Every structure is written in structure tokens, then in C-alpha cells.
Amino acid sequence: MAINTKPVVVGVSGASGSVMAKGTVDALLNRDVPVALVCTVAGRMVWAEEMDEPYATALATWKESPYFTEYAIGDLRAPIASGSYPTRGMVVVPCSMNSLASMAHGISDNLLLRTADVCLKERRPLVIVPRETPLHSGHLENMLKVSQLGAMVLPPEPPFYLRPETIDDVVRYIVNRVLVALDVEDALPDADQYHPRN
Ligand SMILES: Cc1cc2nc3c(=O)[nH]c(=O)nc-3n(C[C@H](O)[C@H](O)[C@H](O)COP(=O)(O)O)c2cc1C
């Protein structure tokens, strides 16, 4: 079987849910899938609010993997900003309404947005994990627009029917959904993965 050396781009924006970003990068690296990470300024701010582990510590751990590359949000000359650089696609997790609106309208003035725009124009997978509540009509219209442009909108809804017991159970479910959407995994694991203490 040929090894897929093309990276998955993980974009982290400033919506609540940094734990989903960490779970996604961890899951990809655990599978030796190359990761190209880009995080917005607000993404780092939210991480500092929500996570026990500082962002810099997570980065240092990920950088121990030969499969991990980080790009600065302002680095519009990074290879992932070009359509001629092959990637396996991108996930924006979590996705703020600000970044969602930009993607819906082709605005690409930072590396996360530019790379997402590249995925859309190159018809590569783009998975958007939006996080806001409640949603106004503009948010909903922007979700429709990115969907019509070819992105998959994957809201981080808890799988209540699987009776998750912890945030970790929910995060694992969302991350597995993302991996399937990006074709990194063929299918979701068995339901008992999400309440392993039973
Ligand atoms: C602690 C914190 C939590 C936030 N949570 C959300 C959220 O869940 N959804 C959202 O759309 N924006 C949220 N925001 C606001 C965004 O961070 C803000 O709109 C920012 O401009 C987004 O920029 P970005 O898209 O470049 O990351 C939050 C901000 C902070 C500081």
C-alpha cells in the first residue's frame, strides 16, 4: 500500500473548542499522517482560556514528530498557500464565525483562510467544524455558502444516542467524524469506543 505523504492541514481559529483542535492533531500524528498546522491569533487566545496545557507545550510535543509542521498565521508564502502544493485537504477546527464568514466570501488575508480557499478552488476536502450558539441568519447563510462551495460543515454535536459520559468521549467522536470526512479513516469505530468505562 502506498504511503500518503501529503499533509492534512489543520486550521485552528478562535472559536471555543481548542480541545477538538488538540484531539485532531493528536489523532492524525498517532496515525503517522503528516500535519500542517496553522492557528489564528484568536485561536491561541481561546486555547489559553480553555486548556490546562499551554499552546507552546502542545506545539513542543507535536514538533517531536517528523510528521508535524507549523506555519505562522501571517506566512502567506508558506507552501500550503499555493494550489500547486499537494495536500490531502484541510479541517478548520474549531471554526469561528469570523473565519466561516471569510471563507464563505473568498476572503483570504491570513494563511488559514488562504489555505481553505485553495482547498475549495482545487476541489480538495475542506471540513469546517463551526462553533457558536445561538446562530443568526448570517451564520446559517455562511454555512450554506461554504457547503455550496464544496466544504463539509460538521458541527461538533454530541452523539447523545451513544451516551457519552465525558467531554473526552464527545471530542473522540467529533475527531473520528473528521477523520472519516478527510478519508483518513474508512469508518467510525464501534459505538462502545465512546463510553469505554461501561
Ligand atoms: C474565550 C473566547 C471564546 C470565543 N468563542 C467563540 C466561539 O465559540 N465562536 C465564535 O465564532 N467566536 C468566538 N470567539 C470570538 C472570536 O475569537 C473572534 O471573533 C475572533 O475575531 C475570531 O478570529 P479568527 O477567525 O481569526 O480566529 C471567542 C473569543 C474568545 C476570546
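Our structure is the block above this text.
One structure accompanies this document, and this report is about it. Here the structure is a predicted model, which means the values were calculated and not measured.

### Notes on the environment of Val146
Position of Val146 among the secondary structure elements: in helix 6 (residues 137–149). Classification of Val146 by C-beta neighbours within 10 Å gives buried; the count is 23. Taking the C-alpha atoms as reference points, Val146 and Met103, separated by 43 residues in sequence, lie 6.9 Å from one another. Residues contacting Val146, with those up to four places away along its chain left out, are Leu100, Met103, Ala104, Ile128, Ala151 and Val153.

### Regarding the site of the ligand
In the vicinity of the ligand there are 16 residues, among which Ser13, Gly14, Ala15, Thr40 and Ala42 approach most closely. Those elements that place two or more of their residues in the shell around the ligand are helix 2 (41–50) and helix 4 (97–104).

### Quick word on helix 6
At 3.6 residues per turn, the α-helix brings residues three or four places apart onto the same side. Taking 1.5 Å per residue, 13 residues should reach 18 Å; helix 6 reaches 18 Å between its end C-alpha atoms and fits that length. If you check which residues of helix 6 are buried, you get Asn142, Met143 and Val146. Seen along its axis, helix 6 keeps its buried residues to an arc of 100 degrees; they face one direction. More than 90 degrees from the buried face of helix 6, the exposed residues found are Ser137, Leu140, Glu141, Leu144 and Gln148. After helix 6 finishes, the residue Gly150 shows a positive phi value of roughly 120 degrees.

### What about the sheet that holds strand 1 (residues 8–12)?
Strand order across the open sheet formed by six strands is 3-2-1-4-5-6, with parallel pairing between neighbours. Each edge of the sheet is formed by a strand with only one pairing partner; in this case those strands are strand 3 (68–71) and strand 6 (152–153). Strand direction decides the pairing type here: strand 1 and strand 4 (residues 89–95), joined by four bridges, are parallel. Paired with Val9 across the strands is Met90, a residue of strand 4.

### Points about the packing of helix 4 against helix 6
Where helix 4 contacts helix 6, the axes come no closer than 9 Å and their chain directions differ by 50 degrees. Put simply, helix 4 runs oblique to helix 6. Crossing of helix 4 over helix 6 shows left-handed handedness. Of the residues in helix 6, those in contact with Met97, Leu100, Ala101, Met103 and Ala104 of helix 4 are His139, Asn142, Met143, Lys145 and Val146. Looking at the contact of helix 4 with helix 6 residue by residue, the class counts come to seven nonpolar, two polar and one charged.

### Examining the nonpolar core
Within soluble globular proteins, side chains that are nonpolar generally end up buried alongside one another. Core analysis: the largest hydrophobic core is formed by 50 residues, its most contacted members being Val10, Val91, Val92, Val93, Ile128, Val129 and Val178. The element contributing the most residues to this core is helix 7 (residues 167–181), with seven residues. When near neighbours in sequence (up to four residues on either side) are disregarded, Val91 contacts Val8, Val10, Thr24, Val127, Val129, Val178 and Leu182.

Cut-off values and rules
Residues numbered from 1 in each chain as written. Predicted model: local features only at pLDDT ≥ 70, side-chain atom pairs only at ≥ 80, totals over all residues. Helix = DSSP H or I, 4+ residues; strand = E, 2+ residues; numbered from the N terminus. Buried ≥ 20, exposed ≤ 12 C-beta atoms within 10 Å, placed from the backbone. Contact = placed C-beta atoms within 7 Å. Near = placed C-beta within 6 Å. Expected span 1.5 Å × (residues − 1). Arc of directions from axis to C-beta. Pairing = 2+ DSSP bridges. Axes fitted to C-alpha atoms, helices over the stretch in contact; angles between N-to-C directions. Parallel < 35°, antiparallel > 145°, perpendicular 65-115°, else oblique. Left-handed = near helix turned anticlockwise from the far one by under 90°. Nonpolar A, V, L, I, M, F, W, Y, C, P; charged D, E, K, R; others polar. Core = buried A, V, L, I, M, F, W, Y, C linked by C-beta atoms within 7 Å.

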